[in-house]
Amino acid sequence: MSHRPTSCPEHELHSLQHRIGEGVAHRGDDVVLSVMGYRRPDDRNRRRLRAVISDPDLGLGSSHFDFRFSGFEFATRLFRVLALDDLLPQLQAIRQRIDEDNAAFKPYLFVDTGFRRKSQPVFVLAAMEHYRYLHFEKAFWRLPTNQQLRCASDRVRDHFAESGGELSIWGVVQRYWFFYQPGRALQLLPNGQLVSDEAYRIPSRATFPGMPLVVRGALQEES
């Protein structure tokens with residue numbers, strides 16, 4: 001299964017940024033900000049404007065915030081001040097793509113060492129927990145499952161080589177689990193080889209790896 005992005009092509013994004021940058025440069029930062037509603041623009045307002053201009057997502061995916069505008073409101077007001085109303089559909093497409101990315105399940109790899117806690121302090125394990133998870137770039141979930149799997153295999157081989165097959169307090173790496181859906185995982189060997197095309201249903205992190213229920217043919221159904 002693949003998910004096509006709803007945002008505009010990259011060349012259109014560059015054109016969009018270029019037109020915004022030109023418009024602001026022509027009028028000046030403080031003039032633009034004043035017309036947008038900032039009566040006395042300060043350095044924080046200017047930094048936000050600069051950040052939006054330099055960001056391909058126009059600040060919609062960032063944490064920039066003030067008590068006047070949200071990210072989308074800021075960009076929308078900027079477009080209107082610069083008389084770029086014809087580009088508002090592109091702005092909406094960027095917003096929709098970011099919302100989809102934020103809401104989607106993000107595939108990841110779990111590094112399985114068969115660890116069983118003995119006397120290790122809980123706070124130490126909590127601090128080291130992130131080493132057991134390998135994540136991908138935000139748009140990775142949009143790729144077809146078979147392409148995700150190829151990337152996951154490459155990541156497994158790289159990780160095993162870089163780690164030397166050991167994961168600090170967790171022990172020796174035995175296998176990797178590629179979670180491509182919530183609770184659904186495919187088992188990969190340290191050399192990146194897929195053990196089988198059967199997907200394992202993992203009940204929860206608390207019982208992982210546990211005794212998985214095999215769901216046959218899931219990978220083909222998701223391709």
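Above this text is the structure in question.
All values derive from a computational prediction rather than experimental measurement.

K.L.:
Help me get a handle on the pattern of salt bridges, residues and values and all.
P.N.:
Any two side chains of opposite charge can pair, given that their charged atoms come close. Using the criterion set out here, one finds twelve salt bridges in the structure. With a shortest N-O distance of 2.9 Å, E100 and R142 are connected by a salt bridge. Of this pair, E100 sits in helix α5 (residues 88-103) while R142 sits in the loop between β2 (133-135) and α7 (145-163); the two residues are 42 residues apart in sequence, bridging distant segments of the chain. A network of salt bridges, in which partner residues are shared, links D30, D43 and R46.

K.L.:
An account of the packing of helix α2 (residues 29-36) against helix α3 (residues 43-54) is requested, with residue identities and associated values reported.
P.N.:
Close contact between α2 and α3 brings their axes to 10 Å; oriented N to C, the two are set at 100 degrees. When the axes of α2 and α3 are compared, the pair comes out roughly perpendicular. For the pair α2 and α3, the contacting residues are D29, D30 and L33 in the first and N45, R46, L49 and R50 in the second.

K.L.:
Got a sec to walk through the packing of aromatic side chains? Specific residues and values, please.
P.N.:
Under the defined criterion, the tally for this structure stands at twelve aromatic pairs. With a centroid separation of 6.3 Å and an interplanar angle of 55 degrees, the aromatic rings of Y38 and F74 are classed as tilted. Taken together, the residues span a long stretch of sequence, with Y38 in the loop between α2 and α3 and F74 in helix α4 (residues 71-81) at a distance of 36 residues. Across the pair, F74 and Y38 agree in class, each one buried. Judged by centre distance (6.5 Å) and plane angle (80 degrees), the rings of F140 and F178 are edge-to-face. Of the two residues, F140 is situated in the loop between β2 and α7 and F178 in strand β3 (residues 175-181); the sequence distance between them amounts to 38 residues. The class for F140 is buried, based on a relative accessible area of 5%. Put simply, the rings of F105, Y108, F110, Y133 and F179 touch in pairs and so form one group of aromatic residues. Geometry around W170 places R132 over its ring, the cationic atom sitting 4.0 Å from the centre.

K.L.:
Go over unusual backbone geometry, please, and point to the residues and values.
P.N.:
Of note, the phi angle at L58 is positive, near 55 degrees, even though the residue is not glycine. Here the phi dihedral of A83 falls at roughly 60 degrees; this positive angle occurs in a residue that is not glycine. Topologically, A83 is positioned in the loop between α4 and α5. A83 gets classed as exposed once you look at its relative accessible area, which sits at 54%.

K.L.:
With reference to specific residues and values, describe the nonpolar core.
P.N.:
Ranked by internal contacts, the top residues of the largest apolar core, which has 25 residues, are I20, M36, L58, F74, L78 and F79. A per-element tally of this core places α4 first, with five residues. When sequence neighbours within four positions are dropped, the list of residues in contact with I20 reads I53, L58, L78, F79, L82 and L84. Judged by nonpolar contacts, the second largest core, of 20 residues, contains F115, V173, Y180 and L186.

K.L.:
An account of α3 is needed here, citing residue identities and associated values.
P.N.:
Taking 1.5 Å of rise per residue, twelve residues should cover 16 Å, and α3 covers 16 Å from first to last C-alpha, within 8% of that figure. If you check which residues of α3 are buried, you get N45, R48, L49, V52 and I53. Across the axial projection of α3, the buried residues extend over an arc of 135 degrees, all falling on one side. α3 presents R44, R47 and S54 as exposed residues on the side facing more than 90 degrees away from its buried surface. The N-cap residue of α3 is D42: its side-chain oxygen and the backbone nitrogen of R44 are 3.2 Å apart.

Cut-offs applied
What you see as residue numbers is a count from 1 along each chain, following the sequence as written. In keeping with the predicted nature of the model, local features appear solely for residues at pLDDT of at least 70, side-chain atom pairs appear and are counted solely at 80 or more, and the whole-chain, interface and lining totals rest on all residues. Side-chain numbers come from the whole structure's heavy atoms, not from hydrogens or water. By definition here, a salt bridge exists when the distance from a side-chain nitrogen of Lys or Arg to a carboxyl oxygen of Asp or Glu is within 4 Å. Numbering of helices and strands runs from the N terminus, with a helix taken as a DSSP run of H or I at least four residues long and a strand as a DSSP run of E at least two residues long. Axis geometry follows a simple rule: fit a line to the C-alpha atoms, using only the stretch in contact for helices, then measure angles between N-to-C directions, giving values from 0 to 180 degrees. Angular relationships are summarised with four words: roughly parallel below 35 degrees, roughly antiparallel beyond 145, roughly perpendicular across 65 to 115, and oblique for the angles in between. Should any heavy atoms of two residues lie within 4.5 Å, those residues are considered in contact. Aromatic rings from Phe, Tyr and Trp, taking only the six-membered ring of Trp, are treated as a pair when their centres fall within 6.5 Å; an angle between ring planes under 30 degrees marks them as stacked, one over 60 as edge-to-face, and anything in between as tilted. Relative accessible area decides the class of each residue, using a 1.4 Å probe on protein chains only: under 20% of the type maximum gives buried, over 50% gives exposed, and in between gives partly exposed. Two conditions define a charge sitting above a ring: the NZ of Lys or the CZ of Arg must be within 6 Å of the ring centre, and it must be within 35 degrees of the ring normal. Working definition of a nonpolar core: buried Ala, Val, Leu, Ile, Met, Phe, Trp, Tyr and Cys residues. They are joined through side-chain atoms within 4.5 Å. Helices are assigned an expected span. That span is 1.5 Å times one less than the residue count. Throughout, the arc means the angular range of directions from the helix axis out to the C-beta atoms. Definition of a polar contact: a pair of N or O atoms within 3.5 Å, with one able to donate and the other able to accept a hydrogen when the atoms are protein atoms, and with sequence-neighbouring residues admitted only if both atoms are side-chain atoms.

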